[in-house]
Each structure stands twice: as C-alpha cells, then as structure tokens.
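If you want the building blocks of each chain, they are given just below.
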Amino acid sequence: MTEMLKLPVLPLPDSVVLPGMVVPLRLDEPEVQAAVDSAAGASATAAGSGGHRVLMVPRPDGRYAAVGAVAVIEQIGRLPTGDKAAVVRAESRARIGVGVGGPGAALWVETTPLQAPPATGRTHELAKEYRALVVSLLQRRNAWQVIDSVERIADPGELADTAGWASYLDLERKSALLAEPDPTRRLELLVEWTGAHLAEQDVSEKIASDVREGMEKTQREFLLRQQLAAIRKELGESEPDGGDDYRARVEAADLPDDVRKAAMVEVDKLERSSDQSPESGWIRTWLDTVLDIPWAVRTPDNHDLTGARAVLDADHAGLDDVKQRLVEFLAVRARRERRGLVSVGGRGSGAVLALVGPPGVGKTSLGESVARAMDRKFVRVALGGVRDEAEIRGHRRTYVGALPGRIVRAIRESGSMNPVVLLDEIDKIGSSYGATQGDPTAALLEVLDPAQNHTFRDHYLEVDLDLSDVLFLATANVGEAIPGPLADRMEVVTLDGYTEAEKVAIARDHLLPRQIEKAGLDPSDVEFSEVALAMIAAEYTREAGVRQLERGLAKVLRKVAVVLDSSVQPDQAGADNAADPDGSSKARPVHIDADALVGYLGRPKFTPESAERTSVPGGGGLPASRSPAPAATCCSSRPPRWTANRA
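All values reported here derive from a predicted model rather than from experimental measurement. (Residues numbered from 1 in each chain as written. Predicted model: local features only at pLDDT ≥ 70, side-chain atom pairs only at ≥ 80, totals over all residues. Heavy atoms only, no water.)

Our next topic: the overall build of the protein. Looking only at helices and strands, the protein has 23 helices and 17 strands in total. By the burial criterion, 44% of the 647 residues in the protein qualify as buried. Here the contacts in the protein between residues at least 6 apart in sequence split such that 72% fall between residues at least 24 apart. (Helix = DSSP H or I, 4+ residues; strand = E, 2+ residues; numbered from the N terminus. Buried < 20%, exposed > 50% of the residue type's maximum accessible area, 1.4 Å probe, protein only. Contact = heavy atoms within 4.5 Å.)

Quick look at the structure:
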C-alpha cells in the first residue's frame, strides 16, 4: 500500500515543474516563503512528514491542479542581487488529497504518490522516436552538450519528463504531462507535439531563408552600386542620371509581364553603362517610350445605341451604311458585356473599316464622329505619300535617331489602348519598289489583320503590342488603288456621295454656321432661303461631296461682309440691294434668295435640261425672273438632267 505524505503546498502561478527538474525559486511571494519555511522547520523524523520536502502544484488560473510534483529543497540562500531564493529538485508525482494541519503558515495537504506502470515494447519505440525528434531539434540550436545528456537517458519516463524544459510547450500541455503517470501516454503526446513543432519550424525557416536571401541580395546590390559610384568618382565620371528613377518608374508602372521583363533588362544596362556612352541615351529614349504607352488604359465604350446613332446623324447626313455598321459593332460589344462573356480582345477581334468614296463626302470627319459616338479617343494618321516601311513599323534601335512607327505613336498620343485610329488616304501610300526603304503597304498587312494585330511587334519596341481593341478606319478615294492583300483585310464601306437634298441639309446645319463664323458675321446678319441653298448645290456645283458647295457659301458671305461694313454700291458689291441713303451699312439681315444669288455668284454653271426646253427662243437661256419651282425640282429624290451653260 502506498504511504501517504503530508507536505506543504508551494503554488506555481506561471510555471510547471516535472520530475527530474532542478529549478531555483525566488522567495519573494508570501506563499512560496511560507512553504519553504514550513518544510525547513518540519522534523524529518516525524511520522508521515516529508522532511525538507514541498509539493509544487501548478496554479495558472488561481485554481490548484489535481497532481503536483514532490520536490526536495536542496539549498536556501541569496542570489547575486541579494534576493532570497531556494533551489528545489522535483522527484515524483503525487495526487493532492485533503488539507491537514502542519507547522508554519503554509497550506499542508495529504498526498498520494502516483506509481508509473512498467515500460513495454511500445514505450521503448516511442522513446526512440521522441529521442530522435529531440536530437533533431537540438541540432538546429547547436546544443551539443544537451544532446549528449539526452542520449545518456535510458528510462523512457525520465526521457519524457525532460519535456519540462521545452520552450515550445505551453503551461496547459506541461500540466497534462504532469498529470499523466503512464510514460507511454506521455511519449505519444510528446511525439505528436514535437513533430508538429518541427514542421512549423521547417516552414518558418524556409520563410526566414527566403526573406534573408532577398535582404542579402538587396544589400549586395546596394553595396555594389555604392562601390560603382565610388569607382566612377575616382575616374572622373558622373553618375548616369535617372537610373534609380527609371527602376522605380518601371516597378510602379502597370506593364504586361513580358514588357516589364524587357524594361528591367534595359534598366540594368542603363545602370551599368557610362553617361559618356551613346547607348545610355538610346536606352532612356526607349524606356520613356515604353512608359508613355498606356498599356493598361482602356476607355469604356458607350453602349447606348440610340445615343450613338443620334450623334452620327447629327454630325453627318446620309451615310446610312457606315452608320449601321458602327451601331452593329457597338451592339455586339454591349451584348457580350451583358452576358458576362470575355471582353472582346485578342485574335480575330479587331475591327477594320475602309471608307471608300470621292473627295468631300466626309470620310475624314466621320472618324471624329465615330469616336465621339463611342466615347473613345481619336487620333489621325496621315498615310499619303509615305514611302518608308519604318514609318509604319518603326526603326531598328541600331540606327541613330530611331523612333517607333506611326501606329505606336498614335496609341501613345491617344492615351488609351482602344482608340479610334483613322488611317487617312490609304490609297495614296507610296512604295519605293526595290529601294532600301521597303514597302509600307506590306507593313500595314499585320496592323490591319484582325487575326494578327493582337501581337503586333514594332521594330523599335521589340515587344508585343495588342491592337485588337483598336477600331481602325481607313479612308480612300479609289478602292482599286488599294493593294489586293491589304483590301482583303478590311471591310469596305462605299460612300457614293450625297443627294441634293442631303447637300442642302448639310449646308444648312453644318457648312453655313461654320462659314458665317469664319467670315466674322453673326447668324442674325444673313439669311439664306432653301431655294438659294438648293441652287448653289444644283446649279453652281457639280460634285459628289460638299467642298465646292462650302466654297460657294464662303464667297457669298464674303460679299455680304463687304456690303454690311461699307457703303459700296450694289453693282460693285455684287448685290441687288442698295445701301442706306445716309451711307450707313446695309440693314440686317441680308436676305439671300434665288435672284440675289445670281448677283453674288454670277451666272449658274449648270442648268437643268428642262430649263432649256421651256425657255423662250431668243430669251438668253434664263427667264428674267426666277421662281422657286426649278429649285424645288432640284431637291427632289430623282435628280434632273443637267447641261453646262455656254458662254
């Protein structure tokens, strides 16, 4: 039968002591001092007394644990600081019983020693596994003397109790080890906890190693740059300006991965090159060009189809084919976005429209209206007379003064990756035919091919540029002048010209207000009748566009300005209305009708054939007075036949 012991309780509020541990205790707490004094004053020969022994019980939360460690007071003295302390050695486990009386002010309790079951084969296997884990852990700390001590421990229970020194175990786990008398169970818990701790350490060490390597690399690069700066100073060379600035700009810029990699390579070259080397200037120019390109900027499209069509109709009369095609383009993009599909971009997604028509029908101005209707940026690229391939694809960087091509410059100028780019006069692009400049028409094949332009590569940049979101509009006067392979890559939209009714509408809504402003007049100074506008379009001009019509309006307005600002006689000014009798300027507004128009512009150049058939023989070809009927006929949906007047 196990002998009961009466021992004073020594509480441990913030630690757990396992059997086999020797620990120093400060005697600064009253309960600790009382327990040591009571144990020292007890008679070792008293019946049931433990002599100079105490029961060390964990009390982490103010509550005593059920099991404590029986410890012997080895020595009582003072620390180097002068504080009183005692050295105790834990020997065995004991379960706390009822409280009893005893000498001193300490709490005395009856204790029952806990006996450990005999070790089994499983116990020795666990001990071997735990010893290997402990040795591995100590090797990482270079604690070789401790490893020797652990290797000499043969008893499995004693080996398990060495976990009391483990810093990775908290008070709860150490209390569980103290309360467990079976060494097999203690070793099972320790193998699990120690293995998990080693795994955590492996991860922590890997993270620390990666961080350390990164810091070492940064410190090494900093040291090398400082040494390079010192060497350049000794050689009388100044530090190249902007090296660190370019590195920071490249790192902060939102660039594609391949572009960022190429830019960092150039930054490394810039930092290694001397400022006296011409290569440093070339590298800076290239980096500035790359950083100025809006790689990640895209303006949102306007998906309001009704509003977009209204903008196109307000800017241009007629041209229903091209307007309908642009509305279809917007409708497809809006539908894909509503359905949550991948945004249009990449192979085969580019849109290239070729506007083919005679001069003056509004092909160039239509590009600006398209950009405004789509809420996109607009940029114009003039191709007339271009004979060098490098103008399209850029120069090789090996040439002095190399620059990117016009396509890259247009993207950079627009400030977004999805602008409306107008390739003006594409049918007038030149070719050197065997000279060293190459064929610019062939260079446009990749730009205008929706299946290839998502990886367009400029000779100067030498990185892929995605042009699939760009809406290309090409203009040409003669479709047959466009090379066949190039025309095959574009969707041709033919503009046949304006009807006379459309010309009158364009003159009234667009040309006349613009020319009034250019002439320095106010809208209240002059008034054109519909018949006069129809006569200018039908009898004074004969073209598909409206350029001659605009020139005719400008000529009339210049003469009106002369009449309004002087006392010129009617025949001198070309008008049929005299100035005011007092010599002041003409009364406003000046009304321009069919009869007045003849005085301003002279005899019509073209007259309807019906006018010759109905004129009086010998009457001079035109009646003395003109009624609105012929002009109204000119504005009908079916144009009349015209004959040129003979002088």
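Relative to the helices and strands, R603 resides in the loop between α21 (594-601) and β16 (606-608). Since its relative accessible area comes to 48%, R603 is described here as partly exposed. Put simply, R603 and Y540 are 63 residues apart on the chain and 8.5 Å apart in space, counted from C-alpha to C-alpha.

Here S369 shows up in helix α12 (residues 363-374). Here S369 is in contact with V311, L312, D315 and H316, once residues within four sequence places are set aside.

This paragraph deals with the packing of helix α17 (residues 500-518) against helix α18 (residues 530-540). In contact at an axis separation of 9 Å, α17 and α18 are set at 120 degrees when each is read in the N-to-C sense. Comparing the axis directions of α17 and α18 gives the class oblique. Here α17 runs over α18; the crossing is right-handed. Across the interface between the two elements, E500, K503, V504, A507 and R508 from α17 touch E530, L533, A534, A537 and A538 from α18. In terms of residue class, the contact of α17 with α18 is built from six nonpolar, no polar and four charged. (Axes fitted to C-alpha atoms, helices over the stretch in contact; angles between N-to-C directions. Parallel < 35°, antiparallel > 145°, perpendicular 65-115°, else oblique. Left-handed = near helix turned anticlockwise from the far one by under 90°. Nonpolar A, V, L, I, M, F, W, Y, C, P; charged D, E, K, R; others polar.)

Taking 1.5 Å of rise per residue, 20 residues should cover 28 Å, and helix α2 (residues 121-140) covers 29 Å from first to last C-alpha, within 8% of that figure. Looking at the packing, one finds that the buried side of α2 touches α3 (144-152), α4 (156-161) and α6 (183-235). In the segment just after α2, N142 is the residue with positive phi, at about 60 degrees. (Expected span 1.5 Å × (residues − 1).)

Here we take up the environment of L198. For L198, the location among the structural elements is in helix α6. L198 sits in the buried class, given a relative accessible area of 8%. Along the sequence, L198 and L133 sit 65 residues apart, while their C-alpha atoms lie 8.1 Å from each other. Ignoring sequence-local partners within four residues, the contact set of L198 consists of L133, L137 and R140.

What follows deals with the nonpolar core. Counting residues in hydrophobic clusters, the biggest one holds 56 residues, and the most contacted among them are V370, F528, V560, I592 and L597. Apart from the residues lying within four places of it in its own chain, the contact partners of I592 are V526, E527, F528, S529, A532, V556, V560, L597 and Y600. (Core = buried A, V, L, I, M, F, W, Y, C linked by side-chain atoms within 4.5 Å.)

All right, on to a nonpolar patch on the surface then. Taken together, the side chains of V203, I207, V211 and M215 make up a nonpolar region of the molecular surface, amounting to roughly 370 Å² of accessible area. Checked against the element boundaries, I207 lands in helix α6. (Patch = residues over 30% accessible without salt bridge, like charges linked within 9 Å, V, L, I, M, F, W, Y side chains within 5 Å. Areas by Shrake-Rupley, 256 points an atom, 1.4 Å probe, with all protein chains shown as cover. Salt bridge = Lys/Arg side-chain N within 4 Å of Asp/Glu carboxyl O.)

This part covers unusual backbone geometry. Phi is positive for N142, close to 60 degrees, though the residue is something other than glycine. Structurally, N142 can be placed in the loop between α2 and α3. The phi torsion at E425 lies on the positive side, around 55 degrees, for a residue other than glycine. Given a relative accessible area of 24%, E425 falls into the partly exposed group.

Overall, the coordinates contain 36 salt bridges when judged by the stated rule. Three or more residues are tied together by salt bridges with common partners; here these are R53, E74, R89 and E91.

Before going further, it helps to spend a moment on the pairing of strand β4 (residues 67-78). Consecutive side chains along a regular strand alternate between the two faces of the sheet. Across four bridges, strand β3 (residues 53-58) lies against β4 in antiparallel orientation. Looking at the pairing, R53 lines up with V72 of β4. Pairing geometry for β4 and strand β5 (residues 84-100), over 11 bridges, is antiparallel. Among the inter-strand pairings, V70 is bridged to a residue of β5, identified as S92. The hairpin formed by β4 and β5 contains five residues between the paired strands, and G82 there has a positive phi angle of roughly 100 degrees. (Pairing = 2+ DSSP bridges.)

Next up on the list: the packing of helix α10 (residues 305-315) against helix α11 (residues 320-338). Packing of α10 against α11 brings their axes to within 10 Å, and their N-to-C directions diverge by 155 degrees. Of the possible angle classes, the one that applies to α10 and α11 is roughly antiparallel. Like other packed secondary-structure pairs, α10 and α11 cross with a definite hand, here right-handed. Listed contacts from α11 to L305, A308, R309, L312 and D313 of α10 are D320, K323, Q324, L326, V327, L330 and A331.

With 12 residues, α12 extends 17 Å between its outermost C-alpha atoms, agreeing within 8% with the 16 Å of an ideal straight helix rising 1.5 Å per residue. Just beyond α12, the residue with positive phi is D375, at close to 60 degrees.

Confidence in the prediction of the protein, expressed as mean pLDDT, is 79, and 84% of residues score 70 or more. Across residues 44-48, confidence stays below pLDDT 50; counting only partners more than four residues off in sequence or on other chains, it has four contacts. In the predicted structure, residues 568-585 sits below a pLDDT of 50 and forms 27 contacts with residues beyond four places in sequence or in another chain. (pLDDT = per-residue confidence, 0-100.)

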